[in-house]
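Breakdown of the fold
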Amino acid sequence: MLTIKYILLYVIASSVGTFVCKILETTPMNVWLARSLGAVVAVAVGLMIYKLWIRRDKCAVE
């Protein structure tokens, strides 16, 4: 069950990061800045999901 949660974490975080990157690439800023911000958003979303969903469930089991 934990493996499925990690796979969902990766899919959700990368989807949100890609969405932000696509939006920012249409603005007149540097494309590398847009990609960097998309990566930062993906990491932030991944950490939030880990802390709020996976870590909480792991602590409840132990």
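No experiment lies behind these values; they were computed from the predicted model shown.

Each value, and the rule that gives it
- Residues numbered from 1 in each chain as written.
- Predicted model: local features only at pLDDT ≥ 70, side-chain atom pairs only at ≥ 80, totals over all residues.
- Heavy atoms only, no water.
- Helix = DSSP H or I, 4+ residues; strand = E, 2+ residues; numbered from the N terminus.
- Expected span 1.5 Å × (residues − 1).
- Buried < 20%, exposed > 50% of the residue type's maximum accessible area, 1.4 Å probe, protein only.
- Patch = residues over 30% accessible without salt bridge, like charges linked within 9 Å, V, L, I, M, F, W, Y side chains within 5 Å.
- Areas by Shrake-Rupley, 256 points an atom, 1.4 Å probe, with all protein chains shown as cover.
- Salt bridge = Lys/Arg side-chain N within 4 Å of Asp/Glu carboxyl O.
- Phe/Tyr/Trp six-rings, centres within 6.5 Å; stacked < 30°, edge-to-face > 60°.
- Lys NZ or Arg CZ within 6 Å of the ring centre and 35° of its normal.

Taking 1.5 Å of rise per residue, the 24 residues of helix 1 (residues 2-25) would be expected to cover 34 Å, and the 34 Å separating its terminal C-alpha atoms lies within 8% of that figure. Three or more residues of helix 1 are buried, namely Lys 5, Leu 9, Ala 13, Gly 17, Cys 21 and Leu 24.

Another point: a nonpolar patch on the surface. Residues Met 1, Ile 4, Leu 8, Ile 12 and Val 16 make up a contiguous nonpolar surface patch of about 460 Å² in total accessible area. Within the element layout of this structure, Val 16 appears in helix 1.

Next up on the list: the pattern of salt bridges. A side chain of one charge can pair with a side chain of the opposite charge if their charged atoms are brought near each other. All chains considered together, the criterion is met by 1 salt bridge. Where Glu 25 meets Arg 35, a salt bridge forms, and the shortest distance between an N and an O atom there is 3.3 Å. Taken together, the residues Glu 25 in helix 1 and Arg 35 in helix 2 (residues 31-61) connect sequence positions 10 residues apart. Judged by its relative accessible area of 34%, Glu 25 falls in the partly exposed class. Judged by relative accessible area, Arg 35 falls into the partly exposed class, the value being 38%.

Counted by the stated rule, this structure contains 1 aromatic pair. Their ring planes at 20° and their centres at 6.5 Å tell us that Tyr 6 and Tyr 50 sit as a pair that is stacked. One end of the pair, Tyr 6, is in helix 1; the other, Tyr 50, is in helix 2, with 44 residues separating them in the sequence. By relative accessible area, Tyr 6 is classed as partly exposed at 25%. Tyr 50 gets classed as partly exposed once you look at its relative accessible area, which sits at 28%. Residue placement shows Arg 35 over the ring face of Trp 32; its charged tip is 4.7 Å from the ring centre.

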